[in-house]
Every structure is written in C-alpha cells, then in structure tokens.
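# Descriptive structure summary
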Amino acid sequence: MTRTTEGLGPELHAYVVAHSEPVDDVLADLAEETAELFPSHKGMQIGPEQGAFTTLLTRICGARDVVEVGTFTGYSSICLARGLPDDGTLLALDISDEWTSVARRYWERAGVADKITLTLGPALDSLRALPREPLFDLAFLDADKEGYVAYWEELVPRLRPGGLVLADNTLSHGRVVDHDNTSAHVQGIRDFNDRLVADDRVTQVLLPVGDGLTLARRN
C-alpha cells in the first residue's frame, strides 16, 4: 500500500503501455506520421495509455454525444469515437486545417469518420455558437492552456447532468508547482486547476496520467 503515486520512468512507462490495450496499426502509424510532419509539436499528441483510458472511459460512461476542444492530428478523437455507440457523435473543434487534414485521413482509415463533425475556427467562438443547454455527455479539453478557464465556462453548461470533462496537461510537466515559472501557459493551467476546486457544479480528481489528466463530473 502507498499513499502517493509512483513516478514513471521510461522503463516503467513502457511496462504500463505493454499491459494496457494494444495500440493498433492506425494509431501507431498516426503517431509516427505526426512525429515526422510536426516534430516540434509531436508532444501535443496524447500517449497510448491515455488513449486506451479515453476509449474505455467513453464506453463506461455510456457517452453518446462528445465534444473535443483541440483535435490536432486526430489521435484523441479516434480514441473517443471508438468508445461511442454506432449512433454516437463527436464534435471536433480545432483552428488548424493543416493538422486536421491528417486527422481526417486517419478518421477514414479508422472507420470513425461518419461519427465526427469537424468545425474549424477559434474553439471558444465555436462553443459559444452552440445552444447554452445540455448537449454533451463527455468533453475532452486539450487546447491552448491560457484559454482553459474560458473553455471550461462554456463547456459545463453544455454538459448533461452526470456528464464528464477530461482535461489534459493539468500538471504542465510539473511546472504548476514551480513558483518561479510565471509563463502564461503555466499560469493558465494553475488558474484552471484552482477554478475546478472552487466550482461546486462538479466533482473532480486530478490524475497523474500523462502530463496530468483531470476528470470532472457535472453534479
């Protein structure tokens, strides 16, 4: 028994991945192509164990309608869509046609393209254009960190009771506890984490998965 979470070095991380749902050729090829095309941005893609967790959680909660804020090249959206029922829907929001052109190819290859609607443009504007009423069972947030609080305030009213939010990068590579780091990126994550703790509309937990994965449930 332990009261703390183990840190994952490369060897232990490889063990975790090897003992989770296997990564298929579609996701493996997507990860490889993303690293080749966008080497300076490849870290924006979620890891294989987080992808497996996302698919499983989508199935467990019985989500039918999902929104993703920040799609990049489509790894997370494939994982989300694979957890949906045949009539499930995923609204993917991103600002980059270049990144999502890769995503669209892999959605087709994964056989999930018919579940996904892509909206290009500033995600905050796209969210605000939606009716301010419960629309979604699950939201995945992985966009610009300075905007996390604003995205949160638009997502929560559009979640059905019992709906979930998954927010990625909520440890910011440990920089959230580095008080000398005052970058807008890191402060955006701190503000988001503090906002959730104070928000009585939800129950939440910050999990040490990947770079920090916050799971919140609308009460």
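Residues numbered from 1 in each chain as written. Predicted model: local features only at pLDDT ≥ 70, side-chain atom pairs only at ≥ 80, totals over all residues. Heavy atoms only, no water.

For the protein, the count of helices and strands is eight helices and seven strands. A globule of 219 residues ought to have a C-alpha radius of gyration of about 17 Å, and the protein, at 17 Å, matches this closely. Split into buried and exposed, the 219 residues of the protein put 47% on the buried side. Taking the contacts inside the protein whose residues are at least 6 apart along the sequence as the reference set, 70% of them involve residues at least 24 apart. Here the protein holds 20 positive side-chain charges and 35 negative ones, and the gap between their average locations is 5 Å. (Helix = DSSP H or I, 4+ residues; strand = E, 2+ residues; numbered from the N terminus. Rg over C-alpha atoms; globule rule 2.2 N^0.38 Å. Buried < 20%, exposed > 50% of the residue type's maximum accessible area, 1.4 Å probe, protein only. Contact = heavy atoms within 4.5 Å. Lys, Arg positive; Asp, Glu negative; His and termini not counted. Charge placed at Lys NZ, Arg CZ, Asp CG, Glu CD.)

Let us look at the pairing of strand E2 (residues 89-94). Of all the six residues making up E2, five are buried; the element is thus mostly covered by neighbouring parts of the structure. Relative to E2, strand E1 (residues 65-69) runs parallel, the two sharing five bridges. When the sheet's bridge partners are listed, Asp65 is paired in E2 with Thr89. Following the chain from E1 across helix H4 (residues 75-82) to the adjacent parallel E2, one finds a crossover that is right-handed. Examined bridge by bridge, E2 and strand E3 (residues 116-120) share five bridges and lie parallel to one another. Counterpart to Leu90 in the pairing with E3 is Ile116. (Pairing = 2+ DSSP bridges. Right-handed = clockwise from strand over helix to strand, strands pointing away.)

Time to look at the packing of aromatic side chains. This model, assessed by the stated rule, comprises four aromatic pairs. For the pair Tyr148 and Phe192, a centre-to-centre distance of 5.1 Å together with 80 degrees between the ring planes defines the contact as edge-to-face. With a gap of 44 residues between them, Tyr148 in helix H7 (residues 148-155) and Phe192 in helix H8 (residues 184-198) connect regions that are remote in the sequence. For Phe192, a relative accessible area of 0% puts it in the buried group. Seen from their ring centres, Trp152 and Phe192 are 5.8 Å apart, and the 85 degrees between their planes marks the pair as edge-to-face. On the criterion of sequence distance, the pair formed by Trp152 in helix H7 and Phe192 in helix H8 is long-range, its members being 40 residues apart. Pair check on accessibility: Trp152 and Phe192 agree, each one buried. One aromatic cluster is present, built from ring pairs that chain together Phe38, Phe72 and Trp99. (Phe/Tyr/Trp six-rings, centres within 6.5 Å; stacked < 30°, edge-to-face > 60°.)

We now examine the layout of surface pockets. Its boundaries defined by the atoms lining it, the largest pocket holds a volume of some 760 Å³. Contributing to the lining of the largest pocket are 38 residues, with Gly43, Met44, Asp142, Lys145 and Asn169 lying nearest its centre. Looking at the lining of the largest pocket, the elements with two or more residues in it are helix H3 (48-60), H4 and E2. In terms of residue class, the lining of the largest pocket is made up of 13 nonpolar, 15 polar and 10 charged. Size it by volume and the second largest pocket reaches roughly 540 Å³. Lining the second largest pocket are 25 residues, with Ser20, Pro48, Glu49, Gly51 and Ala52 sitting closest to its centre. Put simply, the parts of the chain that give the lining of the second largest pocket at least two residues each are helix H1 (10-18), H3 and H4. Among the elements that take part in the lining of the second largest pocket, H3 stands out by supplying seven residues, more than any other. Residues of the lining of the second largest pocket, tallied by class, amount to 13 nonpolar, six polar and six charged. (1 Å grid on protein atoms, 1.4 Å probe; cavity = no way out; pocket = protein on both sides within 12 Å on 5 of 7 lines; lining within 4 Å. Points joined across faces, edges and corners; volume = space filled by probe spheres on them. Nonpolar A, V, L, I, M, F, W, Y, C, P; charged D, E, K, R; others polar.)

On the surface, Leu8, Leu12 and Tyr15 cluster together to form a nonpolar patch covering roughly 300 Å² of accessible area. Note on placement: Leu8 falls in the segment before H1. Accessibility expressed as a relative area gives 45% for Leu8, which makes it partly exposed. (Patch = residues over 30% accessible without salt bridge, like charges linked within 9 Å, V, L, I, M, F, W, Y side chains within 5 Å. Areas by Shrake-Rupley, 256 points an atom, 1.4 Å probe, with all protein chains shown as cover. Salt bridge = Lys/Arg side-chain N within 4 Å of Asp/Glu carboxyl O.)

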